[in-house]
Every structure is written in C-alpha cells, then in structure tokens.
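Structural overview for review
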Amino acid sequence: MDYNEVLINAKKNIGPNCKVCTECNGLACGNLMPGPGSKAPGNGANDNWKAWRGIKLNMDTIVPDAPVDTGIEFLGKPLSMPLISAPVGSLKAQYNPTDDIRDFNVCCAEAAERCGIASSFGDGLDARVFPHGCEVSKAHGGIAIPVINPLNMETIMANLDTANAAMPFAVSVVVDSAGLPHLKKISPDAGSKSVEQLSELCKYAKMPVIIKGVMTAQSALKAVDAGAAAIIVSNHGGRVLAGTPATAEVLPEIVDAVGGRAKIIVDGGIRSGVDIFRALALGADAAMICRPFLISYYGGRTEGIVSYIEKLRAELIDTMYMCGARSIADINRSMIRF
C-alpha cells in the first residue's frame, strides 16, 4: 500500500479535527489534535516538531560502501529498527465517537510484529482496554508495551498484575500525565509519584519498567535511581504544561546524565526517518511516534501502518548511508549540527 494512498484514505475516515497534513505539525488543526485536557495556551506539539527541524545533518560519503543495518537489541528484544509506536488512550473524543481504541491497538501490534518494531498501548478511559491490550501483546509475542497512567498505587498494581500475566517484553509507567485535567476528572487520586513509589512499582513488575515523561536531567536521575530500565523523554505531546521546552532541546542533557545507565527513548514531533536519525545522533536509543500512526491507521488499518513504518525505514536507511553510518551504533553527534 502506497503511503500517499494512505493519506488519501485517512482524509475520508479520520473525522473533522485532523486535517491529515503531509507532515503532522499541530498547525492546520489549530492545536486541537494534541488531545482533550490540554492546559497549554500555546502549541507545544508544534514546538516539539520545530525543534527537530533545527538540527541539520552532516553529509559524509567518503566511507567504505556497505549495506546499512538498522537493527538493535532493546531491553532484550531484537528490533529491526529503533522505533516504538506511542500509546493512545482513546479515539472517541478526538476523531469519531464510534471509534474503538482496541482496534487501533490490534492493528499497531500486528504491524509491529510484521515489521519488527515495538508498539505500545495505554490503559485508556474504558476498563476493557488494558486487559484487551495485554492479551493482544501476548498474542503477538509480547511486542506491545502496556503503558499505565499515574493513577493510585492500588490501581497501578492491579494493572501490573494483568501485565505480569501477559509477559510483554517491557511495561511503562507514565508520570507526565499526572496533572492532565481529564485524568484528574475520572480519577481524582491520580497524580505525581515519588521515587519510593516508582521503586516499588519497578520491583513489582516482572519485566523491565520504562518511566515515561522525563524532561530534565534531575528527573532522569530520579527515574534511574527508582530502578527504571529505560526512560521516555516526553512532554506528553506538549500539552501538560505551558512553556515546557521541546523534547529535542532537553534530550542531550538527559543523555549526558543517564546515558549508559538506562535506555533512552524520545518522543514529541518525530515524523520521519530523518527525525529518528536526529534523535539517535543526540544520544537516544530509540524513538517513539504517535499521531502519524493514527493517520496511517485511518488510512489503511494494519496495512496503512505497515506502509508508514516502511517509509520511515527507507528514510532512516538513506540518511544513515549519506551520513556515513552503516549501523545504529555508528550514529553519533558528529553527524549533526545545530
């Protein structure tokens, strides 16, 4: 399935808010698409996107000619490229009222398994979503990572019980959604978590824990001290706090603080294989992408998502080749400039 065909189909199916831009940047939709419950008066989604555009590539083709290998091992799981589809809690409020997030989660897991990447799914606003996602992950070799919001500890533990039974290759606990209005509305006892609480959750899980929503070197150190095997540098799509920096802006200092002690994933405005290269050159171990996966789903369900993944792979391979990298381990900061 051609990706241009995916975009054409998506425009017919996605609902009134998303404009299915050629590259999703949060502008044409009037900042509606970062989601319900946004507290920021500005456009954090566009800030994230713009920050990657400011990173230029250093071309170097005076190197031995050899094939490019995009494969990595991530938390014990071999992946064909360092990419994870991001979790989504619900489709109804942002797209069409009849849409079911469970179908999206199934399609993402199917595409991830076929293409050799990882997917993830949220605990959602519907109690049926999380156990369903865990069963989907189990059916696809544990490739789909459960992502749990910072609800009260008892609820998180209960969700971890469900995840432990399904045995995905990793599980994630979110901290950046702690102050989202819509989360507080459905769960008033949701909120921030201490190092001690995160440590308890890391010990309770039977697989590596990824803490999502780290935006400073200090927070990264706290997450690693709590026992996180990986962190996600994320400002929740730029919608949880006005005035936060873009994820690309804080990534280098976080890499300098905890690189080598924990795996580092980054999200926010990453849209292409070139952006994935930029993230890796700044020191990330993997990238996470959200909105384009949704557009691809509406444009062709599993086949649409596969088309987008393969587009990203081709772009990453081309960028690596032209910058002198033949493996993911070859990518470093000398290959980019600001």
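Below is a short write-up of the structure. Remember, predicted model here, so these are calculated numbers, not experimental data.

**Thoughts on helix α9 (residues 247-258)**
Between its first and last C-alpha, α9 extends 16 Å over 12 residues, near the 16 Å set by a 1.5 Å rise per residue. Among all positions in α9, only T247, A248, V250, L251, P252, I254, V255 and V258 are buried. At the exit of α9 stands G260, carrying a positive phi of roughly 95 degrees.

**Quick look at the packing of aromatic side chains**
When we look at a pair of aromatic rings, we describe it by the centre distance and by the angle of the planes. Counting across every chain of the model gives six aromatic pairs. Through pairs of rings, three or more aromatic residues link up here, namely Y95, F104, Y297 and Y298.

**Brief notes about the side chain of S120**
Residue placement: S120 occurs in strand β5 (residues 119-122). Here the side chain of S120 touches S85 through a polar contact of 2.6 Å, landing on its backbone oxygen.

**Here's the deal with the sheet that holds β5**
Backbone hydrogen bonds are what pair the strands of a sheet, in a parallel or an antiparallel way. If you walk across this open sheet you meet the eight strands as β4-β11-β10-β9-β8-β7-β6-β5, and the pairing is parallel. On the outer flanks of this sheet lie β4 (83-85) and β5, each paired with one strand and no other. Ignoring strand direction, the axes of neighbouring strands in this sheet form an average angle of 25 degrees. Relative to strand β6 (residues 144-148), β5 runs parallel, the two sharing four bridges. Bridging from a neighbouring strand, F121 pairs with P146 of β6. Running over the sheet, helix α3 (residues 101-115) touches β4, β5 and β6 and is turned about 165 degrees from β5. The strands touched by helix α4 (residues 129-139) are β5 and β6; relative to β5, the strand with the most contacts, the crossing angle is about 160 degrees.

**Observations concerning helix α2 (residues 44-53)**
Counting buried positions along α2 yields seven of 10 residues, so the element is predominantly enclosed. Buried residues of α2: G44, A45, N46, N48, W49, A51 and W52, and no others. Buried residues along α2 sit in contact with α9, β10 (263-266) and α10 (273-281).

**Re the pattern of salt bridges**
The tally for this structure, following the rule as stated, stands at 12 salt bridges. D126 is paired through a salt bridge with R128; the nearest N and O atoms lie 2.7 Å apart. Among the residues examined, D126 registers a relative accessible area of 24% and is labelled partly exposed. Through salt bridges with shared partners, a single network forms among E23, R53, D275 and R278.

**With respect to the nonpolar core**
One finds F74 and F293 to be the most contacted residues of the largest nonpolar core, which totals 119 residues. Here the element with the most residues in this core is helix α11 (residues 291-322); it accounts for 12 residues. Residue contacts for F293: discarding those within four places in its chain leaves L83, S85, F104, C108, I117, I305, Y308 and I309.

**Examining unusual backbone geometry**
You will see that V20, though not glycine, has its phi angle at about 50 degrees, which is positive. Its place among the elements puts V20 in the loop between α1 (3-13) and α2. One non-glycine residue, M167, lies in the positive phi region at around 55 degrees. With respect to the element layout, M167 can be found in the loop between α5 (153-166) and β7 (171-174). Judged by its relative accessible area of 44%, M167 falls in the partly exposed class.

About the thresholds
Residues numbered from 1 in each chain as written. Predicted model: local features only at pLDDT ≥ 70, side-chain atom pairs only at ≥ 80, totals over all residues. Heavy atoms only, no water. Helix = DSSP H or I, 4+ residues; strand = E, 2+ residues; numbered from the N terminus. Expected span 1.5 Å × (residues − 1). Buried < 20%, exposed > 50% of the residue type's maximum accessible area, 1.4 Å probe, protein only. Phe/Tyr/Trp six-rings, centres within 6.5 Å; stacked < 30°, edge-to-face > 60°. Polar contact = N/O pair within 3.5 Å; in protein donor to acceptor, adjacent residues only side chain to side chain. Pairing = 2+ DSSP bridges. Axes fitted to C-alpha atoms, helices over the stretch in contact; angles between N-to-C directions. Contact = heavy atoms within 4.5 Å. Salt bridge = Lys/Arg side-chain N within 4 Å of Asp/Glu carboxyl O. Core = buried A, V, L, I, M, F, W, Y, C linked by side-chain atoms within 4.5 Å.

All quantities given are derived from atomic positions and should not be read as evidence of function.
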